[in-house]
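Okay, here's what each chain looks like letter by letter:
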Amino acid sequence: MTKVNLVPEEGEPIAVEEEIATMSVLVKSMIDDSGVDEDIPLPNVKKATLEKVIEFCEHHKEEPLQDIEKPLKTNNIKDVVSKWYGDFVDVKIEELYEIILAANYLDIKPLLEVT
């Protein structure tokens, strides 16, 4: 399995399977441009947030997020997604905000949808 080095704001690379990393449209286009041997700089994402994003992508690969019916029938996300996804977004508002910003920057649609 090919690994890609994603480099968050702090500068310490994180090795990630290419299949997981390319769930991000941004990362996929950077790999398409320069290949997997180059580090992928992600200066707008903190390491802790990137680790949460990677955790989401790895889980999404194994258990894809089901379509979320809209309009939402409830304000509680746990009522419309599986337990894992509900627990994933059950974090402090500041952390959720960082995850939303990262999902938007990295262009990961399923993560944006659940947040």
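Quick summary incoming for the structure in this document. Computed from a predicted structure; not experimentally measured. (Residues numbered from 1 in each chain as written. Predicted model: local features only at pLDDT ≥ 70, side-chain atom pairs only at ≥ 80, totals over all residues. Heavy atoms only, no water.)

1. Some points on the nonpolar core
Piece 1. Grouped together as the largest cluster of nonpolar side chains are 30 residues, with contacts concentrated most on Leu6, Val27, Leu42, Leu50, Leu106, Leu111 and Val114.
Piece 2. When contributions to this core are tallied by element, the ones reaching two or more residues are strand 1 (3–7), strand 2 (14–17), helix 1 (18–21), helix 2 (25–34), helix 3 (47–62), helix 4 (83–88), helix 5 (93–106) and helix 6 (109–114).
Piece 3. Beyond its immediate sequence surroundings of up to four residues, leucine 50 is in contact with Leu6, Pro8, Ile14, Leu42, Val45 and Leu106. (Core = buried A, V, L, I, M, F, W, Y, C linked by side-chain atoms within 4.5 Å. Buried < 20%, exposed > 50% of the residue type's maximum accessible area, 1.4 Å probe, protein only. Helix = DSSP H or I, 4+ residues; strand = E, 2+ residues; numbered from the N terminus. Contact = heavy atoms within 4.5 Å.)

2. Brief notes about the sheet that holds strand 3 (residues 40–41)
Piece 1. Across the sheet, three strands lie side by side as 2-1-3; this open sheet has mixed pairing. Only two strands of the sheet have a single partner each, and these edge strands are strand 2 and strand 3.
Piece 2. By the bridge criterion, four bridges tie strand 1 to strand 2 in an arrangement that is antiparallel. Note that in strand 2 the partner of asparagine 5 across the bridge is alanine 15.
Piece 3. Docked against the sheet, helix 3 engages strand 1 and strand 2, running at close to 15 degrees with respect to strand 2. (Pairing = 2+ DSSP bridges. Axes fitted to C-alpha atoms, helices over the stretch in contact; angles between N-to-C directions.)

3. Digging into the pairing of strand 1
Piece 1. Between strand 1 and strand 2, which follow one another and run antiparallel, lie six residues, and glycine 11 among them has a positive phi close to 90 degrees.
Piece 2. With two bridges connecting them, strand 1 and strand 3 associate as parallel partners. When the sheet's bridge partners are listed, leucine 6 is paired in strand 3 with isoleucine 40.

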